[in-house]
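Inside the fold
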There are 2 protein chains.
Amino acid sequence: MDKYVSIHLDPSSAKPLYLQICDGVADLIEKGKLPYGEKLPSIRQMASFFNVNAVTVVNAYKQLEAQGYVEARVGSGTYVSFAANVKDFDEFTTADDAAPLPREARSVLESAALPRRFDFAGASISPEYFPVKDFKDVVNEVLDRDGGYALEYQESSGYHPLRESIADYMKTQHDLLVPFEEVQIVSGAQQGIDILAKAFLNYGDVVYVEAPTYPGAVNAFRSRGAHIVEIEMEGDGIDLEDLEKKLAKNKPKLLYTMPVFQNPTGNSYSMKKKQELIALAERHGFYIIEDDHISDLYYRQKPTMLKAIDDADRVFYIKSFSKLFLPGLRLAFLWVPKAYSDKIALAKYSSDISSSGLFQRALDLFLRKGLWPKHLRRLRKVFYEKWQKTHDALAEQMPGELKYNRPEGGHFFWLQLPRGFYSMNLYQVAMKKGVFIMPGNLFYMSQRPSEGFRLSFAQISARDIDEGIQKLSESIKLFLQNNYTIIQGPNDRPLL
Amino acid sequence: MDKYVSIHLDPSSAKPLYLQICDGVADLIEKGKLPYGEKLPSIRQMASFFNVNAVTVVNAYKQLEAQGYVEARVGSGTYVSFAANVKDFDEFTTADDAAPLPREARSVLESAALPRRFDFAGASISPEYFPVKDFKDVVNEVLDRDGGYALEYQESSGYHPLRESIADYMKTQHDLLVPFEEVQIVSGAQQGIDILAKAFLNYGDVVYVEAPTYPGAVNAFRSRGAHIVEIEMEGDGIDLEDLEKKLAKNKPKLLYTMPVFQNPTGNSYSMKKKQELIALAERHGFYIIEDDHISDLYYRQKPTMLKAIDDADRVFYIKSFSKLFLPGLRLAFLWVPKAYSDKIALAKYSSDISSSGLFQRALDLFLRKGLWPKHLRRLRKVFYEKWQKTHDALAEQMPGELKYNRPEGGHFFWLQLPRGFYSMNLYQVAMKKGVFIMPGNLFYMSQRPSEGFRLSFAQISARDIDEGIQKLSESIKLFLQNNYTIIQGPNDRPLL
C-alpha cells in the first residue's frame, strides 16, 4: 500500500471523499507510479487504509473506470488500464475499441503520455512556485542565530520583531499605518476568522456573509452557535439594498467580506460600495471582518482595502501570508483596533497558545530581507500570464449563452450558465472530459443549486489552459444541448 | 528601545503584566544587557512600547526597585542600580548602606555577579535542553527531500506518515495499539483541548474539571459557553465521593483530567481511581479528556495512562510533543475513537485548516530516526537530578508546618501551608527574596485563596535549587512567624 501514502484525504473538503481518492489514484497513474497492468488494492484494503466506508472506495473505483484509468476484471480485481497512459482515450476507444495494440505501439504511446486532467477546481498555488530555497536559507539563519530560543513558546500576540516588520511592510507596500501593537499573529487566515468568532460571538448572535462565499468562514461562525444570514453579491460587491432590507429586521454583530478578488467570484467592491458598507456598519453598530486573502496578486492597479478607508474603526482586517507564500507555514495576521487587542490575544491563547516561533522568525527575516516583494513580483508575472491565457481562451471558445466576469487579480473567474442550467450537473459532464470545476452550490450556505461556478487557474499549468478551456467549452455545449437536468432549483441573480 | 524587544508579554498568562515586565527587565540586567547606571526608558515610552497602561509600567518599576534592581532618582528617571549586579544585595545594604564602593571593588563584585532570582514558577523547559541540532538536520533533510511539497497545505487530520509513525511509537514505547486512522494531529495540546470543546460542546453543556487544574483548559471550555464544575483533587487523584455527589445533580458531557503528574499538583491517579473513573464515565455517559502533558518524564516506572485501560471507549487522549520537545513546533495529537474522527477533523479544519506540514514531516523523521527516545533519555537524566535535588532540599530545609508531596515524574511539587495561611501572601514575601512560586489560587476557577502552591523546577538550573529552596524556606518561616494575612479565605482540603 506504500504507493498510496501520498494520497491525502481531507474529510472537510467540499470535494467528496470518493473523488479525492479517485483523483489521488489518477494522479499516481499519470505520474507513472502505477504502471499499466498493475492491480489496485482490494476494496477492503483501500477502505481500511483510508479509513473510509467500502462504498466510498467502490465509487472511487467506478469513477476511475468511467474516466478510463482502470478496468475491472470480473472475479479478479481492478487494474490500471492501458488507456490510462494515453493522451486522448476517446480517440482510441472509438477508433479501435477491442483490438489490443502491439507492444511497440504501447510503449510509444506510453512515453508520449501527457497529463489529461484539467484542474480548474483547486485554489492553492502549486508548490513549484514556492520560494523553497530562500525559505530554507532563512530558517537556517534563524536557527543559527537564535538556537533554542527560536523554538520556545512565543508570546500569544506574536513575535515582537515580526509584528514590527509587518507594520513596516504595510506602510511601505500598502501605504497603511498599522500600529505594531494592533498586529496579532495567527496560524493562517482560517484561524484568524475562528479567533474573531471566538472573541466576539456569543451563542445566537447574527453574522452576515456574502452569497456566495468561502464556506470555511461560515463553518467557523456556525461552530460558535451563530445565526448566519446571506446577503446577495453583485458584480461590484454586496447588494446594498438586500443588506439594508435585512438590517431592518435582524442586526448582525459581524459581517464577513472579501472585498477584493472575492472567493469564489473574483469580484471586487467598487469604491462607492466600500464607503457605503462602512457607513452602514457605523450606523447599525456592527463590525466587518475583511479577509484579504489575495489582494497582493493584482494585475492592473493595487487595490484599495476596506481597512484603508475605515475611519470609523469598524473593520477587523485579516491578511494571509500562507496563501501566496507557503501554505505549510500557517501564518497570517489580524489587524484589530487597540481596544480589542487583549480580547483577541486571550482568544488566541485559548486556541493554541501561540503560533510557531520559528516560522514567525523566518517570516520576519524574509520580510526584512525584502524577499517577500521579490517573491510577489515573480508570482504576479506567472499568474498574469495564466490570467491572460484563461481570459483569451474564454473569449474565443465559450458559447454565447455563457456569461463570465473579468476580475483584475487573484486566480478565480466566475462563470454563469443560462437560467435553469445548474453547475452541479455541468460538473458531472465536464468531469467525464477530465475537466474539474467548482460548482456554485458549494459556496452557498444552503448548498442550493446554482447556475454559477468557479474557474480557478491556481493549479493548472499555463500550457494546459487553452486545451482545458476548450474541453470545458465542449462540455458546456453538450450540457446545454442535452439539457441534463438532474436536479432543479431556483435561479441565481446575475453576479457579473 | 531595542534591548527591550526580547521581553515577551503574554496578556493571557496568569502572571500579571507588571510582573512580566519586571521579570523581563530584571533578566536583561542579570544578563548584563542593561549595565549599572543605565537609564531605563520613561514610563510613557515603555507603556507605548509594550502597549500597556502607564500604571502597569509604574508598578513594574516599583517592583524592580523593591527588588533592588533599579533606583529612582527624583526628577531624573529610573536607573539600573549598582546592587543589581551583586549577588547578595541584602548583605551589602545592611553592611554599608550609603558609602559608595571604590571602582575596583565594584568591578570585582560585578564580574562575580550570579543570577540571584530563583524561578520556581515557570513551567516550560529551558531552551538549553532542546535538541536544536538534530532538529535542524531533520528540517533540512525534509526540505531537500520534499521541496515545495513540504510547504503545501497538509490534510486536516495530519500528515499520513506522521500518523503512522506516532502509532508505531505508541506501540513500541507505550505498548498501546493506536489505529493510525484515530490519530488526529493538532497544533499543540491547547488546540487539542479547544478542538474537542468545539466538536463536543454546545452552549450551556456541563464540563467537570479537577480543582486545582490547568487554567488554559478551563478557558477553552468557557469560551464555548460551557458551565464548569470543579471536582476536588486528592493525593491519589480525583475525589470520587465529590464526583458522585455532583453526578447525581448535574451530568457533564466531558470531564477534563491530567491523571499522570497533574498540573499543578504533580499528583497521579491510583490504578483504582483510574478504573472507577472510567466505570463512572460509562455509567453516566460522559467522556473523559485525558491530557497527557508530561508522562514521558517519569523517574520511577513508566506510568499507565487512563487510555490504556479504556475498554469502554470513553477517553479522548491528548499527547503533546511540544512540551518536552520544542514548544515552538506546536505539535500534539489526539487519539479519538474512530466514530468521532470526521467530527474532529472538521473542527480542526475550521480552526486552522491543518497544522504545519513542514513540522509534521520533521517530527515524522525525528521519530523514525529514533531521535525522540534518545532526547527523552537525556531529558529524563537531567530532570531526575533536578527532582532529586529539589526533594532533598525540601526534606532538609522546610519547616515542619509545611506539607508537600513526592511526585514520581514531571517537574512539579505541590506544597501546602498550614490552615489560614494563603500562598498568594507567601508569594509576595518570597518574591522579595527573589524566589518565584505559583500561588494555588491561579489554578482554581474562582481564583479563591489557597494554602497550596506549585513549585516547578523546569526553569531553574540544578546548581541554584538548593539556594532557592533555602530562600523559600526562610520566606515561609518569616511568613508563618509574622502571619502576614493580606487576604482571608476558606481552607483547602489536603491534596497530599
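Small disclaimer: the values here were computed from a predicted structure and weren't measured.

Observations concerning the interface of chain A and chain B
Each partner contributes to the interface: chain A provides 60 residues, whereas chain B provides 59 residues. Taken together, the elements giving at least two residues each to the side of chain A that touches chain B come down to helix H6 (132-146), helix H7 (160-174), helix H8 (189-200), helix H9 (215-222), helix H12 (341-352) and helix H13 (357-368) of chain A. With 9 residues, H12 of chain A is the single largest residue contributor to the side of chain A that touches chain B. Tallied by class, the residues present in the side of chain A that touches chain B amount to 25 nonpolar, 24 polar and 11 charged.

Looking at the packing of H7 of chain A against H13 of chain A
Residue and element names in this part refer to chain A. Remark: H7 packs on H13, axes separated minimally by 9 Å, with the N-to-C direction vectors making an angle of 35°. At the point where H7 passes H13, the crossing takes the left-handed sense. Taken together, the residues of H13 that come into contact with H7 (itself represented by Pro 161, Leu 162, Ser 165 and Tyr 169) are Gln 360, Leu 363, Asp 364, Leu 367 and Arg 368. Here the contact of H7 with H13 is built from residues that sort into 5 nonpolar, 2 polar and 2 charged.

Brief notes about the packing of H6 of chain A against helix H6 (residues 132-146) of chain B
Between H6 of chain A and H6 of chain B, the least distance of the axes is 11 Å, while the angle of their chain directions is 175°. One element, H6 of chain A, and the other, H6 of chain B, form an angle in the roughly antiparallel class. Only Val 132, Lys 136, Val 139, Asn 140 and Leu 143 of chain B of H6 of chain B make contact with H6 of chain A, whose side of the interface consists of Val 132, Lys 136, Val 139, Asn 140 and Leu 143 of chain A. Tallied by class, residues from the contact of H6 of chain A with H6 of chain B come to 6 nonpolar, 2 polar and 2 charged.

Here's the deal with the pairing of strand S10 (residues 315-320) of chain B
Residues and elements named next belong to chain B. Judged by how many residues are buried, S10 sits mostly within the fold: 6 of 6 residues are covered. Along S10, one buried face is formed by Val 315, Tyr 317 and Lys 319 and the opposite face, lined by Phe 316, Ile 318 and Ser 320, is buried too. Two strands pair when backbone bridges link them, and S10 and strand S11 (residues 332-335) are joined in this way by 4 bridges, in the antiparallel orientation. Following the sheet pairing, Ile 318 is matched in S11 by Leu 334.

The rules we used
The written sequence of each chain sets the order in which its residues are numbered from 1. Chain letters and ligand numbers both follow the written order, the letters beginning at A and the numbers at 1. The predicted origin of the model limits local features to residues at a pLDDT of at least 70 and limits the giving and counting of side-chain atom pairs to 80 or more, whereas totals for whole chains, interfaces and linings rest on all residues. Residue pairs qualify as contacts under a 7 Å threshold applied to their C-beta atoms, which are placed from the backbone. Only DSSP runs of H or I reaching four residues or more are called helices, and only runs of E reaching two or more are called strands; each is numbered from the N terminus. Any residue outside Ala, Val, Leu, Ile, Met, Phe, Trp, Tyr, Cys, Pro, Asp, Glu, Lys and Arg is labelled polar, Gly included; the first ten of those are nonpolar and the last four are charged. Between N-to-C directions, angles span 0 to 180 degrees; the directions come from axes that are lines fitted to C-alpha atoms, helices contributing only their stretch in contact. Helix crossings get a hand from a simple test, with the near helix turned counterclockwise from the far one by less than a right angle marking a left-handed crossing and a clockwise turn marking a right-handed one. Orientation is classified from the angle alone, with under 35 degrees giving roughly parallel, over 145 giving roughly antiparallel, 65 to 115 giving roughly perpendicular, and any other angle giving oblique. Burial is judged by counting other C-beta atoms within 10 Å of a residue's own C-beta: 20 or more means buried, 12 or fewer means exposed, and anything between counts as partly exposed, with every C-beta placed from the backbone. Here, a strand pair is defined by DSSP locating no fewer than two bridges between the strands.

Without other data, these values stay purely geometric and don't point to any function.
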